[in-house]
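# Residue-level structural notes
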Protein chains: 2
Amino acid sequence: MAQDKLVGLNRRNLLSLIGMTAGSMTMYHAMTTLGLAGESRYNGPIKLEGAPKDTSVLILGAGLAGMTAALELRQAGYNVKILEYNNRVGGRNWTIRGGDSVKELGGEIRNCEFDEGLYINPGPWRIPYHHHGLLAYCKRLGVVLEPFQQLNHNAFLHSTRGGGGKPQRVRYVMTDIRGHISELLCKVTRKGALEGSVTKEDQEMLLEALRSWGALDENYAYQNSTHVREFRGSVEAYRAGRNSVVPTSGKPLSLSEILGSGLWSDLAAFARYEFQTTMFQPRGGIDLIGKAFSKEVDDLVTYNAKVTKIEQDEKRVTAYYEDSENPGTIQRASGDWCVCTIPLTILSQIDINVSAEMLAAIKAVPYASSVKVGLQFKRRFWEEDDLIFGGVSYTNLPIRQISYPSSDFNTKGKGVLLGCYTWNGPNSYEFTSMAPEERVKRVVEYGARIHPQYKEEFENGVSWAWHRSPFTLGCAGDWTEDTRREHFNNLCKIDGRVVIAGEHASQVPAWMEGAILSSLDAITRLHKRIMAG
Amino acid sequence: MAQDKLVGLNRRNLLSLIGMTAGSMTMYHAMTTLGLAGESRYNGPIKLEGAPKDTSVLILGAGLAGMTAALELRQAGYNVKILEYNNRVGGRNWTIRGGDSVKELGGEIRNCEFDEGLYINPGPWRIPYHHHGLLAYCKRLGVVLEPFQQLNHNAFLHSTRGGGGKPQRVRYVMTDIRGHISELLCKVTRKGALEGSVTKEDQEMLLEALRSWGALDENYAYQNSTHVREFRGSVEAYRAGRNSVVPTSGKPLSLSEILGSGLWSDLAAFARYEFQTTMFQPRGGIDLIGKAFSKEVDDLVTYNAKVTKIEQDEKRVTAYYEDSENPGTIQRASGDWCVCTIPLTILSQIDINVSAEMLAAIKAVPYASSVKVGLQFKRRFWEEDDLIFGGVSYTNLPIRQISYPSSDFNTKGKGVLLGCYTWNGPNSYEFTSMAPEERVKRVVEYGARIHPQYKEEFENGVSWAWHRSPFTLGCAGDWTEDTRREHFNNLCKIDGRVVIAGEHASQVPAWMEGAILSSLDAITRLHKRIMAG
């Protein structure tokens, strides 16, 4: 596994390098072609019926995949039980709240000191509107959703490579790049450069469209004007505190400035299908999804069950486990069949008698590195001073993103923002290697370059480095085109009496949707196999 | 007034014509240069202190301007009372809910048959994040806000002039126009057309940026590819019902198609500063703002008070009024000073002894026409079938917009959408002239061309035509550059013991923010005048 992991990391480093030189749009592009950001192929609710009498299924893991399987299989008539390593359901569908304690591998127990009602979601945190499977379960289980603001025109784009490191409003960069491109295209169109490729009539409409779309003046120039202010908006005196709005649009960024700084590259994060409006989050924390599932299946779950061995024969599958909080005594649970949702990082360390192909697949997939850091501040200065209500600011600093809460807008009192969200690459590894208090300290230092208020307003923070997560040893299955071609089908096939499910066994990796789709696919095939005798 | 009104209407018709030929972006542009869409200049909370003992202020109108004045003036120590024409506070800050009855001028009482919890906001309905004054009062008064989705990448753009009248997803038009423009600019750049105006180095970065930003392929062409699908997303078989997602990006719209249809022109509505993310609405109806103010000032309000005459002398201002529900008996209310927020359409018909200049100003401003129609459907098919969660679809059909609710996302059961929202122009006048049931019928017919489900799922509807609104006779003050130059200052000055406030006396007309800013400005000046003796 170590070697495969290195391969994965190198590929990710490569992606990260592409991202740094050519912008993250290119990186996302690369990710998609590598099959990391697929399409949800939810085919509607499943109805499994007529399970043979007294047939049992043992499910390993009470994350979204495991609980989906439990809910549907019990409904079909199976006897179901679940073994879960943590003392809670949800797995990566998890929210850290004030009062919670967290413990990374090799670390100490750390308490989250957020005030009541404040939280961060260390894992998944947002739901694209086209993640049909997840949304269908949210509807069915009554999970209250609210919009997750991904695009906020008033959030910042920040690059240490441009404009003296001054953060720029998203609306400035959006308007300015559109303006410069429109101006250039108008100029060459009027010089006749499009003759032959665009009809005369279309050229005229194009000029009209570009003038409007690019906020050009009557001479097709992009420059400070009332028209520009309609899109660029007004300039708030940066750091001048509340209510100091100066209604001028400011001087547009030059094309050279935008290109050289790379500020344009993060605009893609707002335009991509996966991040388009309307995105969602459960009102109150992402773990309310897991908790809604739990209402249906909690009676089936054995908590703190650390699986150490999985053994199948022609009739049964038996899991050996010990109490993760009081290890020593090995217990057993068994079923006629087994749905295993244990992350591959963990499963690859467990003794399991499946085929050589499946074993190879289990060992083939490294897990992505990701670090999130939540910061509590005395007041919601990003709203009060900076007029940023939700959304994401992007930076080329190691923290990469600052995400402002998409809830409790315009309220008084304290707030928590996501001060750092890295995904693989050197930034992620560096933060992972730090002690949690060091991470928080560094994130506050970096963030203060975008929001100087950090220094005054910061209260406390909590971090989670997924490579040090005891129950996953990483954030999500990190497939490459090669590993997927070689191992994906072997991983997903029913092996004797065992079938694997989870985001790692899906075409929508790293998303909750992947866990659910994979689970529905796995149990549909399993049920069919069982019914076929 | 009749003549002025005609002038206003003609100007608006002109705007509407510009809108129809050159796209609504041009129209918005024209609106702004005419001063119709100004900037909020909120200067922070006001603190009026030390009102002279036993000084009273009579406020006419319990809309947002009147209630802001009442709240602040009472706090400053004044004796305050309010006369209100309606039997409720809020004025145009109003929500029509199931069980409410509405009555237009010359019409019958009509009941809104929406189910419990469903509503439409006939007047204002959304709050830009930079409307500082309004947001400050929402915070102070505890109004719970939720995001209003203006931009939904999956909503429709529709034109009868293009593509056989087939609605196109916003994300298609956005991605395709960006793609075509990028492709054209890359082509001419590579042919050397930018030599002399862009440096060689910037040209190279520009090509790279355009390739990413425009989703071009390795040859800088915009055509169906994985890269395009990342932004365009997948094509759902239109009308094929739930769960029939076919993950292909579809054939891009040609540049000619986009230009000729005018589909591009409505994209501006998502990019304009006024409509940028994050917008807000109160959770549960816009009138919760008025109701929050009402908690502070309800004890000051006399309802159903139809003012017929306003008379001032050197010492007092007296308003004569009758009970709007039982007219006949004239009553009086008076104060040392008066803040008058009665819409100019109504005020111009009331006997009032102010200066000739102010009288001329009162008579100079026509009011905009606007019609909204809310439709209740058996199910939220726009979410279930079309995957449209909130946001606005634009069309060149007379209904102009369809807005999907920004609340109760992903829930079962019925829903209400805004099926028509016109603003001046022939469409508005035509709908105004229809009987309410005819409006609803026509709106359902038009809407079915975008959402065929209308036919099957429609239950009932309610409409409001602002030109037939008894308490406003129009939607909002419709200033021109000329009328503003000639009359605005005369309208806003303190005339004897009377000062005028409301959106019509602001630089942010037609927005709630205008009402509040105007009120703060008026009472600040009034207080100063009083303190000066």
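The structure displayed is predicted, hence computed values, not measured ones.

### Regarding the overall build of chain A
What chain A contains, in helices and strands, is 18 helices and 24 strands. Looking at chain A as a whole, 66% of its 533 residues are labelled buried. Of the contacts formed within chain A by residues at least 6 apart in sequence, a portion of 71% connects residues at least 24 apart.

### Points about the domain arrangement of chain A
The domain architecture assigned to chain A consists of domain 1 (2–33), domain 2 (56–90 + 298–365 + 479–532), domain 3 (96–154 + 277–285 + 368–468) and domain 4 (170–260). Its C-alpha centre places domain 3 of chain A at a distance of 34 Å from the equivalent point of domain 4 of chain A.

### Let's talk about the sheet that holds strand β13 (residues 301–302) of chain B
The strands making up a sheet are joined through hydrogen bonds of the backbone, oriented either antiparallel or parallel. All names here are of chain B. One open sheet holds the 5 strands; their spatial order is β13-β2-β1-β17-β24, and the pairing between them is parallel. Both outer strands of the open sheet, β13 and β24 (498–500), are each paired with one neighbouring strand and no more. Where strand β17 (residues 337–340) lies against β24, 3 bridges are found, and the strand directions are parallel. Residue pairing for β24: cysteine 338 is matched across the bridge by valine 498. Sheet strands touched by helix α18 (residues 512–531): β1 (56–60), β17 and β24. Its angle to β17, the strand with the most contacts, is close to 170°.

### Structural notes on the interface of chain A and chain B
With 81 residues of chain A at the contact, the number on the chain B side is 81 residues. Between chain A and chain B lies a buried interface of about 7,400 Å² when both sides are counted; carbon and sulfur atoms form 65% of it. Together, A:Lys139, A:Trp213 and A:Glu230 form the three largest contributors to the area buried by chain A at its contact with chain B, with a combined 10%. Our count for the contact surface shared by chain A and chain B stands at 4 salt bridges. The closest approach of N and O atoms between A:Glu384 and B:Lys139, which form a salt bridge, is 3.4 Å. Where chain A meets chain B, there are 24 residue pairs in polar contact (both at pLDDT 80 or more). Among the elements of the structure, α2 (24–33), α4 (132–141), β7 (145–148), α5 (170–190), α6 (200–213), α7 (226–232), α8 (255–261) and α9 (268–271) of chain A are those that each provide at least two residues to the side of chain A that touches chain B. In terms of residue class, the side of chain A that touches chain B is built from 39 nonpolar, 25 polar and 17 charged.

### With respect to the relation of the copies chain A and chain B
Mapping chain A onto chain B is achieved by rotating through 180° and translating by 0.0 Å along the same axis, at an RMSD of 0.0 Å. Here the two chains are linked by the operation of a two-fold rotation axis. Considering only C-alpha atoms, the part of chain A nearest the rotation axis is A:Leu185, at 2.9 Å. Comparing interface residues between copies, 100% of those in chain A also sit at the interface in chain B, which points to an isologous, same-surface contact.

### Digging into the side chain of B:Glu384
Structurally, B:Glu384 can be placed in helix α13 (residues 381–384). Side-chain polar atoms of B:Glu384 contact the side chain of A:Lys139, separated by 3.4 Å.

### Notes on unusual backbone geometry
Geometrically, the link from A:Thr277 to A:Thr278 is a cis peptide bond, its omega value of -5° lying close to zero. Phi at B:Arg400 is positive, roughly 65°, even though this residue is not glycine. Of note, B:Arg400 is situated in the loop between β20 (391–395) and β21 (401–404). Looking at B:Arg400, the relative accessible area reads 24%, which means it is partly exposed.

### Some details on the packing of aromatic side chains
Residues and elements named next belong to chain A. Going through the model one piece at a time under the given rule, you end up with 43 aromatic pairs over all chains. Ring centres of phenylalanine 377 and phenylalanine 381 lie 5.0 Å apart, and the angle between their planes is 90°; this geometry places the pair in the edge-to-face category. Members of the aromatic cluster, each reached through a chain of ring pairs, are Phe377, Phe381, Trp382, Tyr404, Tyr454 and Phe458. If you follow arginine 178 out to its NZ or CZ, it ends over the ring of tryptophan 213, 6.0 Å from the centre. Of note, arginine 232 hangs over the ring of tyrosine 172, and the distance from its end group to the ring centre comes to 4.2 Å.

### Description of the pairing of strand β14 (residues 305–312) of chain B
All names here are of chain B. Relative to strand β15 (residues 317–323), β14 runs antiparallel, the two being bridged by 7 bridges. Opposite isoleucine 310, over in β15, you have alanine 319 as the bridge partner. Remark: 4 residues form the turn of the hairpin made by β14 and β15, two consecutive strands paired antiparallel.

### Observations regarding the packing of helix α12 (residues 356–364) of chain B against helix α17 (residues 481–492) of chain B
Residue and element names in this part refer to chain B. Between α12 and α17, the least distance of the axes is 8 Å, while the angle of their chain directions is 125°. Taken together, the axes of α12 and α17 lie oblique to each other. Read as a crossing pair, α12 and α17 show a hand that is left-handed. On α17, the residues touching Glu357, Met358, Ala360, Ala361, Ile362 and Ala364 of α12 are Thr483, His487, Asn490 and Leu491. Grouping the amino acids of the contact of α12 with α17 by side-chain chemistry returns 6 nonpolar, 3 polar and 1 charged.

### Points about the confidence of the model for chain A
Residues and elements named next belong to chain A. When pLDDT is averaged along chain A, the result is 90, and 90% of the positions lie at 70 or above. In the predicted structure, residues 1–39 sits below a pLDDT of 50 and forms 90 contacts with residues beyond four places in sequence or in another chain. Ignoring residues within four places in sequence, the model shows residues 237–247, a span with pLDDT below 50, making 26 contacts including any to other chains. Two summary scores accompany this predicted model of the complex, namely pTM at 0.91 and ipTM at 0.91.

### Examining the pairing of strand β19 (residues 370–377) of chain B
All names here are of chain B. Counting buried positions over the 8 residues of β19 gives 8, a clear majority of the element. Of the two faces of β19, the one carrying Ser370, Lys372, Gly374 and Gln376 and the one carrying Val371, Val373, Leu375 and Phe377 are both buried. With 8 bridges joining them, β19 and strand β22 (residues 415–423) adopt antiparallel strand pairing. By the bridge assignment for β22, serine 370 is matched with tryptophan 423. When β19 meets strand β23 (residues 458–465), the two strands line up antiparallel, connected through 7 bridges. Of the residues in β23, the one forming a bridge with glutamine 376 is asparagine 460.

### A short note on empty space enclosed by the protein
A probe matching the size of a water molecule, rolled over the atoms, marks out where space remains unfilled. Per the stated rule, a full pass over the model turns up 9 cavities of 30 Å³ or more. Within this model, the largest cavity holds a volume of roughly 430 Å³. Along the walls of the largest cavity sit 25 residues, with A:Met174, A:Arg178, B:Met174, B:Arg178 and B:Ala271 positioned nearest its centre.

Here is what the cut-offs are and how they apply
Residues numbered from 1 in each chain as written. Chains lettered and ligands numbered in written order. Predicted model: local features only at pLDDT ≥ 70, side-chain atom pairs only at ≥ 80, totals over all residues. Heavy atoms only, no water. Helix = DSSP H or I, 4+ residues; strand = E, 2+ residues; numbered from the N terminus. Buried < 20%, exposed > 50% of the residue type's maximum accessible area, 1.4 Å probe, protein only. Contact = heavy atoms within 4.5 Å. Domains from an automatic or database assignment. Pairing = 2+ DSSP bridges. Axes fitted to C-alpha atoms, helices over the stretch in contact; angles between N-to-C directions. Buried area = accessible area lost by both parts, 1.4 Å probe. Salt bridge = Lys/Arg side-chain N within 4 Å of Asp/Glu carboxyl O. Polar contact = N/O pair within 3.5 Å; in protein donor to acceptor, adjacent residues only side chain to side chain. Nonpolar A, V, L, I, M, F, W, Y, C, P; charged D, E, K, R; others polar. Least-squares fit on C-alpha atoms with pLDDT ≥ 70 in both. Phe/Tyr/Trp six-rings, centres within 6.5 Å; stacked < 30°, edge-to-face > 60°. Lys NZ or Arg CZ within 6 Å of the ring centre and 35° of its normal. Parallel < 35°, antiparallel > 145°, perpendicular 65-115°, else oblique. Left-handed = near helix turned anticlockwise from the far one by under 90°. pLDDT = per-residue confidence, 0-100. 1 Å grid on protein atoms, 1.4 Å probe; cavity = no way out; pocket = protein on both sides within 12 Å on 5 of 7 lines; lining within 4 Å. Points joined across faces, edges and corners; volume = space filled by probe spheres on them.

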